[in-house]
Structure formats: C-alpha cells, structure tokens
Amino acid sequence: MQDPNHPEKFVPRGAIAFFVLLVAIGLVIWFGIYFLMLSRI
Amino acid sequence: MIDKFERNVIITAFCLSGLFIFSLLYAMGARKADVTECLPYDKSYETARVNQVDKSTYQIFYVARMWNFEPAIAYIPVGSEVDLFVTSLDVVHGFNIYNKNVNLMGVPGGVAKTTIRFDQPGVYKVVCHEFCGTGHQNMQAEIIVNFPKK
Ligand SMILES: [Cu+2]
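Residues numbered from 1 in each chain as written. Chains lettered and ligands numbered in written order. Predicted model: local features only at pLDDT ≥ 70, side-chain atom pairs only at ≥ 80, totals over all residues. Heavy atoms only, no water.

Peer 1: Requested: an account of the environment of A:Phe35, with residues and values cited.
Peer 2: Residues and elements named next belong to chain A. The residue Phe35 is located in helix α1 (residues 13-39) in this model. The partly exposed category is assigned to Phe35, whose relative accessible area is 48%. A C-alpha to C-alpha distance of 46 Å links Phe35 and Glu8, two positions 27 residues apart in sequence. (Helix = DSSP H or I, 4+ residues; strand = E, 2+ residues; numbered from the N terminus. Buried < 20%, exposed > 50% of the residue type's maximum accessible area, 1.4 Å probe, protein only.)

Set out below in structure tokens:
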C-alpha cells in the first residue's frame, strides 16, 4: 500500500517521448517544405 | 501552481510558434518570398501580352481559358524579374510554374499578381493545377528563359 503523504514520483516517459517525437516530425515536415520553397525563389 | 509538464509544453509551443513566425518573416524580408496580391480588376487584364518595363524587368499578363494559357510561350532573358498577372475568361484555373515558388489562381473577374526572378536559363513549364474540364490535363504554357540577346 502506498503512503498518501509521500506519493511515488511519476514521470510520464511514454507521453514525453511521444510529444518530443511529434514535435520533431512536425519540424522536419514544416522546414522541409519551407526550405523547398526558399530554394525555388 | 501549474503542473511542471504542462508548463514545459506551453513554453515549447510558444518557442515553436516564434520559430515559425521568425522563419516566415525571414523568407519574406531577407529572401523576398513574394506573397500573392489580388488587384482590382479591369478589362485591360483580358488582353494577353508581355511587356518590357526596363532592362531586366518584365510583365506577363496571362489569360487563362478552357484549355490554354495566353501567351502560350513567353521569352524572358536570364536574370529578369517578372511580374505575373493572371486572370481567367471562363472558370477558375490554376497557375503553377514547375519548380518555382509560384502558385496562383486564375479567377474570372479577378487578377492574381506575383513577382518572380529567373536566374537560371531553361524552359519553365506552366500548368493549370485546378481541374477545369475535359481538356484540363493539356492546359499548359512555357516561359523560355534564354541567354540575353546579342
Ligand atoms: Cu485550367
């Protein structure tokens, strides 16, 4: 049984990894199109 | 007290938005990425023509209709800056120059304008990329960027 006065430290590692990956993929797609646009000016 | 993870996500979102906005301002300011303009319409835009404004500045007035562009071929010297004006006589047409940063709509009763530089010689294909009927797939034009005339 867990002591309610000293709760276990919970770190949502899976959610953090998912969020970081989501942002990274978003950046790759966004800047991929962005630099393609710049190269065509 | 705000949750630590929530705070980090909010900070990340603001930083990313700032990065995107800064990148767009850089492209528009320092690299002169042109944003399409919509001009007030008048009948003169229905006459397809190529104008030379000065030594290295040209205007091309495109008229789109089912299923061709006029002028179908335009000759431009290397290193020119070209103002493109596009209108349509019938339905909505697309105006896309292959491998260039140009993506316009030809709208009847409207004029789309953008400016583009041609620094590399070559044949630049213009295609209609808005489905406009049975001849849509053959609707194209060319901008031929050649070496300056001797
Ligand atoms: Cu068309």
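Alright, that's what it looks like, and here's the rest.
Peer 1: Now, about the layout of surface pockets: what can you tell me, with residues and values included?
Peer 2: Here the largest pocket defines a volume of roughly 250 Å³. Lining the largest pocket are A:Ile41, B:Met28, B:Arg31, B:Lys32, B:Ala33, B:Asp34, B:Glu81, B:Asn101, B:Thr115, B:Ile116, B:Arg117 and B:Asp119. Here the lining of the largest pocket gets three residues from one element, more than from any other, and that element is strand β9 (residues 111-118) of chain B. Across the lining of the largest pocket, the residue classes tally to four nonpolar, two polar and six charged. Here the lining of the largest pocket spans two domains, and each of domain 1 (1-34) and domain 2 (37-145) of chain B adds at least three residues to it. Volume-wise, the second largest pocket comes out at about 180 Å³. A:Pro12, A:Ala15, A:Ile16, A:Phe19, A:Val20, B:Phe5, B:Asn8, B:Val9 and B:Thr12 together form the lining of the second largest pocket. Elements supplying a minimum of two residues to the lining of the second largest pocket: α1 of chain A together with α1 (4-29) of chain B. (1 Å grid on protein atoms, 1.4 Å probe; cavity = no way out; pocket = protein on both sides within 12 Å on 5 of 7 lines; lining within 4 Å. Points joined across faces, edges and corners; volume = space filled by probe spheres on them. Nonpolar A, V, L, I, M, F, W, Y, C, P; charged D, E, K, R; others polar. Domains from an automatic or database assignment.)

Peer 1: Any details on the interface of chain B and chain A? Residues and values, ideally.
Peer 2: Each side of the interface is counted separately: chain B has 17 residues, and chain A has 14 residues. For the pair chain B and chain A, the summed buried surface comes to about 1,400 Å²; carbon and sulfur atoms form 75% of the total. Contact with chain A buries area across many residues of chain B, yet B:Phe5, B:Phe20 and B:Arg31 alone supply 32% of it, more than any other trio. Where chain B meets chain A, there are zero salt bridges. At the junction of chain B with chain A, the criterion picks out three residue pairs in polar contact (both at pLDDT 80 or more). Looking at the side of chain B that touches chain A, the element that brings in the most residues is α1(B), giving ten residues. Counted by class, the side of chain B that touches chain A contains ten nonpolar, four polar and three charged residues. (Contact = heavy atoms within 4.5 Å. Buried area = accessible area lost by both parts, 1.4 Å probe. Salt bridge = Lys/Arg side-chain N within 4 Å of Asp/Glu carboxyl O. Polar contact = N/O pair within 3.5 Å; in protein donor to acceptor, adjacent residues only side chain to side chain.)

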